[in-house]
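Read off the chains here:
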Amino acid sequence: MKFIFLIAAFNAFFFAILLFQKKPRELHDNILILWLLYLGLFVGVYSFYSHELFTQFQLLSISFTSLFLLHGVFLFFYISALISPKKIFDKINLIHFASFVLFNGYLLVVSFFPTISETIRLDYAQLNISPPFLFIFFLIATILSGPFYFVVSIRLFKKLDINIFNNFSSSKEIDLVWLRKLVYIFGIIWTALIVITVIHHVFNLFSMVFCTDGLFLSLSVFVILIGYFGLKQQIIFSGDIENEQVFVEDTKIKYASSRLTDTEANQYTDKLNNLMVAEKPFLNPNLTLLQLASELGISTHYLSQIINEKLNFNFFDYVNRFRVEEVKAKINNPKFENYSLLGIAFDSGFNSKSAFNRIFKKFTNQTPSQYKSEISKI
């Protein structure tokens with residue numbers, strides 16, 4: 001087991017070095033570098049000193065355990081940096097470090113009071129010791145931090161989905177599928193291991209080594225995967241889009257202060273629809289809200305308002321509806337009879353087979369092959 005931990009620690013440092021050499025290096029890359037260094041040191045120290053640490057240095061081992069509180073914090077900041085990099089280091093978000101700082105501040109204070117510090121042990125249940133309430137509180141906070149940030153990550157992914165639907169016409173390579181899967185898998189594994197640890201403390205089942213080894217083994221696998229995929233992750237929102245980014249949450253509140261008049265909105269709507277039919281900008285698989293707004297000569301805020309309020313679509317669905325109609329037209333066109341469905345899809349602005357099938361069925365209630373089969377019968 002020790003060699004697995006050492007390999008994981010080595011990989012963490014190795015990926016951190018590769019990320020440090022990455023050009024250009026974005027904010028999420030810098031956060032991942034710190035995260036990997038933290039994980040590498042955490043797992044590496046455990047591989048060498050776990051048994052001595054947990055048996056001979058009780059307060060130090062508890063302080064070491066409190067580092068689990070930082071794992072979810074790094075996950076939160078990493079995802080946040082990918083979604084909205086200019087808003088993550090505000091005063092509100094710094095509260096995520098509070099539990100870690102307070103826990104270790106508490107341990108530092110009680111270290112000056114031997115009668116209290118002697119009752120602060122991870123094996124207090126087996127020794128029938130009654131530890132202080134604050135210690136139990138911080139221990140519970142550490143246990144719950146994993147599941148808590150699992151839920152927070154899911155909420156962040158939902159925010160990302162809103163961002164994508166409001167700014168992009170394609171989600172390929174920007175929907176963080178790899179990170180979603182990683183969070184879901186390890187969120188479940190981490191929660192299961194935490195439950196086992198709780199059972200160990202309450203019912204004295206399993207061993208402390210089994211619990212800690214399980215947690216660090218999952219961290220080791222996580223290190224390798226987050227380092228590998230994170231190294232290839234590009235920035236999702238460029239600086240320009242981030243400045244004009246619009247979030248579709250509550251349109252009544254969102255557009256309440258808009259200066260766009262009904263007359264202007266109707267004019268822009270007609271201009272937009274004419275542009276989509278005549279110029280077919282949707283054939284660009286990477287079309288964004290910013291690019292389309294630039295072609296129309298209006299702000300992204302106005303364009304988003306028109307698409308949401310006048311046309312009752314988000315940007316993603318609005319553009320892909322034209323792509324679906326383009327596919328249908330080409331399926332009915334004899335010039336494209338030798339094209340495969342996927343070839344027609346790519347020629348119509350789609351850049352992913354899975355996205356094409358999903359979106360086509362969403363707007364037609366049929367798969368592309370079912371639609372083509374029905375057309376051929378006519």
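Given the structure is predicted, the values throughout are model-derived calculations rather than measurements.

### Quick notes on helix α3 (residues 58–65)
Three or more residues of α3 are buried, namely Q58, S61, I62, F64 and T65. Viewed along the axis of α3, the buried residues span an arc of 155 degrees, placing them on a single side of the element.

### Details of the packing of helix α12 (residues 262–278) against helix α14 (residues 300–310)
The contact between α12 and α14 brings their axes to 10 Å, and the two run at 90 degrees. As the angle between them shows, α12 and α14 are arranged roughly perpendicular. Contact residues: α12 offers D262, A265, N266, Y268, T269 and L272, while α14 offers Y302, L303, I306, I307 and K310. When its residues are assigned to classes, the contact of α12 with α14 shows seven nonpolar, two polar and two charged.

### Description of the side chain of S220
Looking at where S220 falls in the secondary structure, it is placed in helix α9 (residues 208–232). With relative accessibility at 2%, the residue S220 sits in the buried group. With residues up to four places along the chain from it excluded, the contact list for S220 reads I4, F5, A8 and V43.

### Re the packing of α12 against helix α15 (residues 315–331)
Their axes nearest at 11 Å, the elements α12 and α15 cross at an angle of 40 degrees. In this structure, the crossing between α12 and α15 has a hand that is right-handed. Here L272, N273, M276 and V277 of α12 come into contact with α15, specifically with Y318, V319 and F322. Looking at side-chain class alone, the contact of α12 with α15 contains six nonpolar, one polar and no charged residues.

### Remarks on α14
Among all positions of α14, only T300, L303, S304, Q305, I306, I307 and N308 are buried. N312, located one to two residues past α14, shows a positive phi value of around 60 degrees.

### Notes on the packing of aromatic side chains
Summed over the entire model, instances satisfying the criterion amount to 28 aromatic pairs. On the numbers, 5.2 Å between centres and 55 degrees between planes, the contact of F350 with F356 is tilted. Like F356, F350 is buried. Members of the aromatic cluster, connected to one another through ring pairs, are W35, Y38, F42, F64, F68, F74, Y78, F186 and F222. When the ring centre of F20 is taken as reference, the NZ or CZ atom of R25 above it lies at 4.7 Å. Just above the ring of F322 sits the side chain of R321; from NZ or CZ to the centre is 5.0 Å.

### What to know about the environment of F15
Of note, F15 is situated in helix α1 (residues 2–20). We classify F15 as buried; its relative accessible area is 8%. A sequence separation of 214 residues divides F15 from F229, and the C-alpha atoms of the two residues are 10.0 Å apart. Leaving out residues up to four positions away in the same chain, F15 has contacts with L36, I224, G227, Y228 and L231.

### Overview of the confidence of the model for the chain
Here the chain averages 84 in pLDDT, while 86% of its residues score no lower than 70. Considering each helix and strand of the chain separately, the mean pLDDT is smallest for helix α10 (residues 239–244), with a value of 44, and largest for α15, with 95. Note on residues 239–253: pLDDT is under 50 here. Beyond four places in sequence and across chains, it has 40 contacts.

Thresholds applied
- Residues numbered from 1 in each chain as written.
- Predicted model: local features only at pLDDT ≥ 70, side-chain atom pairs only at ≥ 80, totals over all residues.
- Heavy atoms only, no water.
- Buried < 20%, exposed > 50% of the residue type's maximum accessible area, 1.4 Å probe, protein only.
- Helix = DSSP H or I, 4+ residues; strand = E, 2+ residues; numbered from the N terminus.
- Arc of directions from axis to C-beta.
- Axes fitted to C-alpha atoms, helices over the stretch in contact; angles between N-to-C directions.
- Parallel < 35°, antiparallel > 145°, perpendicular 65-115°, else oblique.
- Contact = heavy atoms within 4.5 Å.
- Nonpolar A, V, L, I, M, F, W, Y, C, P; charged D, E, K, R; others polar.
- Left-handed = near helix turned anticlockwise from the far one by under 90°.
- Phe/Tyr/Trp six-rings, centres within 6.5 Å; stacked < 30°, edge-to-face > 60°.
- Lys NZ or Arg CZ within 6 Å of the ring centre and 35° of its normal.
- pLDDT = per-residue confidence, 0-100.

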